[in-house]
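What follows is the residue order along each chain.
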Amino acid sequence: MSKLVTPCRYDFVGSFLRPNTLKKARRQFDEGEISYDELKKVEDQAITELVQKTKELGYHVITDGEFRRATWHLDFMWAFDGVGHTPTKTGLPFHGEAAMVDDTYLNGKVGISGEHPFVEHFRFVKALEDENTVAKQTMPSPAQFLAQFTMPFNRELTDKYYDTDEELIRDIVKAYGKVLADLYEAGCRNVQLDDCTWGMLADKTGPMLYGTTAEGAVEVQKRHKDINNQVIANAPEDMIINTHVCRGNFHSTYANSGAYDPVAEVLFGEENVNAYFLEFDDERSGGFEPLAKVSGDKKVVLGLITTKSPVLEDKAEVIDRIHEAEKYIPLDRLYLSPQCGFASCEIGNKLTQEQQWAKLALVKEVAEEVWGK
């Protein structure tokens, strides 16, 4: 088993642009033209080629690129008991475009029967590890799961099955515990909890999105921190758990804006993760000052390279920004990555695979110049 741990000095969030062969196979499967086994063969080949490319670029972390998913978060939820979904008619509001992902809601009590599909997905990537690489598993955070079913658009359905949020939280924590235990048994030691809830709460519209007041939004922050911490506390002791804080990533659009200041005290001071993957790719993210709130010896992965644009960043400017961040957190606790995945949903962002690889090459080049090889 690989002894490497995440984050790596140069890292990535986890999702990649789907190759055309995979997109075609997915359409054929959806239309009933090929079987699941035939789709899986295409997925397996695409993931194997992705991991090989990642290794060729010199990266030490590998993922399946989320190639077996339609979205970064909903596929995970769909595998739980009590979760239903149907094609959306309205989508989720992003700036300039609606994200047409399935409406996802409760149709019973949350639980997990048998093994979650992501465990078998992980085994496939784990088998591709070598002495220089380690596989990590990405999944939505418990707070993201909770938000999906307690925000105003889903509250009425959730109330049919749960009298209190505390009951729902207990079921989510228990179900996550089983998933993490099964992943651990499969050899997983590095997990990344992807979380858009903090981006929503940092936005000035956050209280409205949650149907509450500014004071109520602080209570929501604490509830989200608490459920994440409960799951982390119940995980195997030597499982590394990091988080990626996102403001939305769909077809090069975004959902939220705002500096980390409104959430920094709770998120950075009280959430018990090993490291934060943070978006700092444009002015929507604000400055680095909130990093002073990062407690203990927790690490910060600076997402300075955008996945939303094909334009390649200037290396000198990226290096300058790293040193700007160093004013608030020591350099040896800083790491570098793209700001988000390249394809949080199947549609992917608006750049080519070649531009995607160029972005990753730049991340590695900058990291080696700043921290050494």
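Up top is the structure these notes are about.
Rules behind the numbers
Residues numbered from 1 in each chain as written. Predicted model: local features only at pLDDT ≥ 70, side-chain atom pairs only at ≥ 80, totals over all residues. Heavy atoms only, no water. Core = buried A, V, L, I, M, F, W, Y, C linked by side-chain atoms within 4.5 Å. Buried < 20%, exposed > 50% of the residue type's maximum accessible area, 1.4 Å probe, protein only. Helix = DSSP H or I, 4+ residues; strand = E, 2+ residues; numbered from the N terminus. Contact = heavy atoms within 4.5 Å. Phe/Tyr/Trp six-rings, centres within 6.5 Å; stacked < 30°, edge-to-face > 60°. Axes fitted to C-alpha atoms, helices over the stretch in contact; angles between N-to-C directions. Parallel < 35°, antiparallel > 145°, perpendicular 65-115°, else oblique. Left-handed = near helix turned anticlockwise from the far one by under 90°. Nonpolar A, V, L, I, M, F, W, Y, C, P; charged D, E, K, R; others polar.

## Thoughts on the nonpolar core
And then number 1: Core analysis: the largest hydrophobic core is formed by 101 residues, its most contacted members being Phe145, Leu291 and Leu302.
And then number 2: Ranked by the residues each element gives to this core, the list is headed by helix α7 (residues 165-185), at 9 residues.
And then number 3: Excluding anything up to four places from it in sequence, Phe145 contacts Phe76, Met77, Phe80, Val83, Val110, Ile172 and Tyr176.

## Some points on the packing of aromatic side chains
And then number 1: Within this structure, the stated rule accounts for 17 aromatic pairs.
And then number 2: Centre to centre, the rings of Phe12 and Tyr59 are 5.6 Å apart; their planes meet at 50°, and the pair counts as tilted. Within this pair, whereas Phe12 is found in the segment before α1 (20-30), its partner Tyr59 is found in the loop between α2 (36-56) and β1 (61-62), the two being separated by 47 residues in sequence.
And then number 3: For Tyr59, a relative accessible area of 2% corresponds to the buried category.
And then number 4: Taking the centre distance of 5.9 Å and the plane angle of 80° together, the rings of Phe145 and Tyr176 count as edge-to-face. Of the two residues, Phe145 sits in helix α5 (residues 142-150) while Tyr176 sits in helix α7, which places them 31 residues apart along the sequence.

## Focus: the packing of helix α4 (residues 117-126) against α7
When two helices pack together, their arrangement is captured by the angle between the axes and the distance separating the axes.
And then number 1: Packing of α4 against α7 brings their axes to within 9 Å, and their N-to-C directions diverge by 25°. Viewed along their axes, α4 and α7 adopt a mutual orientation that is roughly parallel. Classified by chirality, the crossing of α7 by α4 is right-handed. Within the contact between the two elements, α4 uses Phe118, Val119 and Phe122 and α7 uses Val179, Asp182 and Leu183.
And then number 2: Each residue belonging to the contact of α4 with α7 can be placed in one class, and the counts come to 5 nonpolar, no polar and 1 charged.

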